[in-house]
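Each chain, written out:
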Amino acid sequence: MILYLQLFLSFMQIGFTSFGGLSMVPLINQEMLSHGWMTAAEVSDLVAIAEMTPGPLGLNIATFCGLRLAGLPGSFAATMGMLSPTFTVCVLVGIFYEKFRSSTVMKHAMYGIRPVCIGLILSVMITLSQTNYLINGAPYLTSIFIAVVVLVLMIRCKLSIPVLIAISAVLGLLLVR
């Protein structure tokens, strides 16, 4: 039982003191080594596996470390520890938002934040479009064709996102040589 608490507290500390991604790896390595839970080689192996699996790196590492050290309950404890900082911040933001959402300051702040969010989304769309639909400044017609086909299918047929991704993959395999 004490190991579960130690895993939870260790990964909670890592979650609160790091910025995610690869910045967590030295902290996780230090925690695993200082407790004598793993060797540096074992941590390195878990990081490599976590990098290959879908999902956030830190969360994957926490899950795998917990599983390796204490089975499924350990995996749960480490994962909950890693998630607790994010959960805490979200709860606090939710509480303060509910408390202040009718204030004029909050309304003005939200009027400023919304266009910034739209601008950020548009910026990502433009950046991704440049890398996916242009090759050396010239339009890549195959990618544009696939995008148009998927857009039409999405609007007209109301297909689900996984189906559209599968159709895109098949079109890519058929059209790109």
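First, a word on what this report is: a plain description of the structure on this page. This one's a predicted model, so the numbers in the text were calculated from it and none came from an experiment.

1. Considerations on the packing of helix H1 (residues 2–17) against helix H2 (residues 25–35)
Look at H1 against H2: their axes get within 10 Å of each other, and the N-to-C directions meet at 155°. Classified by the interaxial angle, the pair formed by H1 and H2 is roughly antiparallel. Of the two elements, H1 crosses H2, and the hand of that crossing is right-handed. Along the contact surface, H1 presents Ser10, Phe11, Gln13, Ile14 and Thr17, while H2 presents Leu27, Ile28, Glu31, Met32 and His35. Residue composition of the contact of H1 with H2, by class: five nonpolar, four polar and one charged.

2. Here we look at the nonpolar core
Within the largest apolar cluster, 22 residues are counted, with the highest numbers of intra-cluster contacts made by Leu7, Phe11, Ile28, Met32, Ile61 and Cys65. At the level of elements, H1, H2, helix H3 (40–52) and helix H4 (57–100) are the ones that each hand at least two residues to this core. Ranked by residues supplied to this core, first place goes to H4 with nine residues. Residues contacting Met32, with those up to four places away along its chain left out, are Phe11, Trp37, Met38, Val43, Cys65 and Leu69.

3. Focus: the environment of Gly21
Of note, Gly21 is situated in the loop between H1 and H2. For the pair Gly21 and Leu57, spaced 36 residues apart in sequence, the C-alpha separation works out to 5.5 Å.

4. Comments concerning the pattern of salt bridges
Following the criterion strictly, the structure yields two salt bridges and no others. For Arg68, the salt bridge goes to Glu42, with nearest N and O atoms at 2.4 Å. Highlighted residues: Arg68 in helix H4 and Glu42 in helix H3, separated in sequence by 26 residues. In this structure, Arg101 and Glu98 form a salt bridge, with 3.3 Å as the shortest nitrogen-oxygen distance.

Conventions we followed
Residues numbered from 1 in each chain as written. Predicted model: local features only at pLDDT ≥ 70, side-chain atom pairs only at ≥ 80, totals over all residues. Heavy atoms only, no water. Axes fitted to C-alpha atoms, helices over the stretch in contact; angles between N-to-C directions. Helix = DSSP H or I, 4+ residues; strand = E, 2+ residues; numbered from the N terminus. Parallel < 35°, antiparallel > 145°, perpendicular 65-115°, else oblique. Left-handed = near helix turned anticlockwise from the far one by under 90°. Contact = heavy atoms within 4.5 Å. Nonpolar A, V, L, I, M, F, W, Y, C, P; charged D, E, K, R; others polar. Core = buried A, V, L, I, M, F, W, Y, C linked by side-chain atoms within 4.5 Å. Buried < 20%, exposed > 50% of the residue type's maximum accessible area, 1.4 Å probe, protein only. Salt bridge = Lys/Arg side-chain N within 4 Å of Asp/Glu carboxyl O.

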